[in-house]
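Chain by chain, the residues:
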Amino acid sequence: MQKYLILICAVLFGCSSGADRHGNSDGLTVIDVGSDVGKGRVVDLSEIAEEITYIPLETSEDSFISAAPVISLENNRIYVKSRGVIKVFDRSGKYLFSFDRRGRGPQEYIYTSPNVERGTGKFYAECPNSDRSVTVRMYTREGDYEKEFTVPAVKERLLFLNKTKENCYSFALSSDLIPGIEGIEVDVDKVSKLLYDTLSNLIGYLPVLPLDSRVEMRTEFRTKTDDGRELLNPTANTTIGQSFYFYKDTIRTYKSYNDTLYSFYDGNKLMPRYVLDYAEFAATKIDLNQISNVKGKVITVDNNHYFETDRFIMFSFVLREYAHEPYFGKYFFHQVKEREVRESYALYNKLTGEFTFLNLPLPKTPGFREDFEQGPPFLPSYLSDKNYMAAVYYAHTLKEYAATHEVSDSLRAIIDGLEDNDNPVIALVKLR
């Protein structure tokens, strides 16, 4: 393991935020963000997609979906996770079954939320043990117990299980050491994810990315969030989180205040892949005591959205005082409370090199303008390996939209058949 860490650190610290911004070399691509700051345009969905299909999910006592649904589409099935239960539907929206194996039996799990395996539609869940080891239980596509493996105890707590690729599972680390706990020593200042196979072998790990030299960490305790809510546990926020997203068999990883996005592959190789060029809008100093999500002349890439295909990258940026379309409303599709929004989604065309901020198709409503069926703006919350994006629309919001906008006859027929409290409608988009 030590030789891997030495190699990775050499790559990391040899490529800082001052990387060459004037072209591509050795697979490193410069994305010209600065040229579109203060501009942007409304982007039609047809620029990136071939078609859109609206799928009303069957509503019944067994299939009813509660708040804040998280969707995925795998192996011709639609999966909707909410409050620890996964409801499974076919591609037409017909309810099939619910997956919920919570319990204390030998084939069950406790204190966790299950996941859907990319590509296969199988299920898996983590089961923490009393000795701080973690057992991963795997289930078939129909929800039957299949097999399991156990990851040895680590002194730092293991969190956020994900299947990275075939026979490779990743675990994030939390530095909450408890005296007296035995386990493998892992330096959380250098390692952010451990990778294990189903034979419980450690096959690699993802290092913590270096902090951009311009960043001055926060020293003042925060008592409120950016939108004014009281914090239960005031903190100085002395660490910056690291984001992870999947592109094929590669993990894209970055820190929001850095300007370099990295590729991690084969369990131990980390290479810089994209550099974000903010041009004259690049900050010379980023003092976290002085900025928030709405204040400061600083642009950073957002931690919350990243979707990449062979043709496009869709991500979002926190523009703060450079925002050209600030509004007071909802930023995420499941967000309940409104706030001041100075973020902007953006689209990068990997084939042409064009970078575009997505202007709002409707007031206070981000996303692509839906020009196939004239539906509400499309803002994806999921990207499948089969080049499909998906979004969730609540029945009552579709009905409200159709009451004031002209939509296609086919979409009108779907909306007219909805009741306000019906299950959501899934918009499925086939990308180019």
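Scroll up a little and you will see the structure.
In this text, all values refer to a predicted model and were calculated from it rather than measured experimentally. (Residues numbered from 1 in each chain as written. Predicted model: local features only at pLDDT ≥ 70, side-chain atom pairs only at ≥ 80, totals over all residues. Heavy atoms only, no water.)

Some details on the packing of aromatic side chains
Under the criterion given, the structure shown has 23 aromatic pairs. Ring geometry for Phe-99 and Phe-123: centres 4.0 Å apart, planes at 5°, overall stacked. Here Phe-99, found in strand β6 (residues 95-99), pairs with Phe-123, found in strand β8 (residues 123-128); they are 24 residues apart in sequence, far enough to count as distant. Residue Phe-99 shares its accessibility class with Phe-123, and that shared class is buried. Summarising the aromatic geometry, the rings of Tyr-278 and Phe-317 are spaced 6.4 Å apart at their centres and angled 85° between planes, so their arrangement reads as edge-to-face. Here the residue Tyr-278 occupies a position in the loop between β21 (269-277) and β22 (286-287), and Phe-317 occupies one in strand β24 (residues 312-318), the gap between them amounting to 39 residues. On the basis of relative accessibility, which here comes to 0%, the residue Phe-317 falls in the buried class. Members of the aromatic cluster, each reached through a chain of ring pairs, are Tyr-245, Tyr-254, Tyr-278, Tyr-306, Phe-315, Phe-317, Phe-355 and Phe-357. A cation over a ring is seen here: Arg-91 above Tyr-388, with NZ or CZ 5.3 Å from the ring centre. (Phe/Tyr/Trp six-rings, centres within 6.5 Å; stacked < 30°, edge-to-face > 60°. Helix = DSSP H or I, 4+ residues; strand = E, 2+ residues; numbered from the N terminus. Buried < 20%, exposed > 50% of the residue type's maximum accessible area, 1.4 Å probe, protein only. Lys NZ or Arg CZ within 6 Å of the ring centre and 35° of its normal.)

Some points on the nonpolar core
Within the largest apolar cluster, 31 residues are counted, with the highest numbers of intra-cluster contacts made by Leu-45, Ile-48, Met-314, Leu-347, Phe-368, Phe-378 and Val-429. Among the elements of the structure, β2 (49-56), β24, β27 (343-349), β30 (388-393), α2 (395-404), α3 (409-416) and β31 (425-431) are those that each provide at least two residues to this core. When near neighbours in sequence (up to four residues on either side) are disregarded, Met-314 contacts His-305, Tyr-306, Phe-307, Tyr-345, Ala-346, Leu-347, Leu-358, Phe-368, Leu-379 and Pro-380. Formed by 22 residues, the second largest nonpolar core is a distinct cluster that contains Ile-31, Tyr-254, Val-301 and Ile-313. (Core = buried A, V, L, I, M, F, W, Y, C linked by side-chain atoms within 4.5 Å. Contact = heavy atoms within 4.5 Å.)

What about the sheet that holds β24?
Pairing in this open sheet of four strands is antiparallel, and the strands run β23-β24-β27-β28 from one edge to the other. Each edge of the open sheet is held by one strand with a lone partner, namely β23 (300-308) and β28 (355-357). Between one strand axis and the next, the sheet turns by 25° as a mean value, whatever way the strands run. In terms of strand pairing, β24 meets β27 through seven bridges, oriented antiparallel. Directly across from Met-314, in β27, lies its bridge partner Leu-347. (Pairing = 2+ DSSP bridges. Axes fitted to C-alpha atoms, helices over the stretch in contact; angles between N-to-C directions.)

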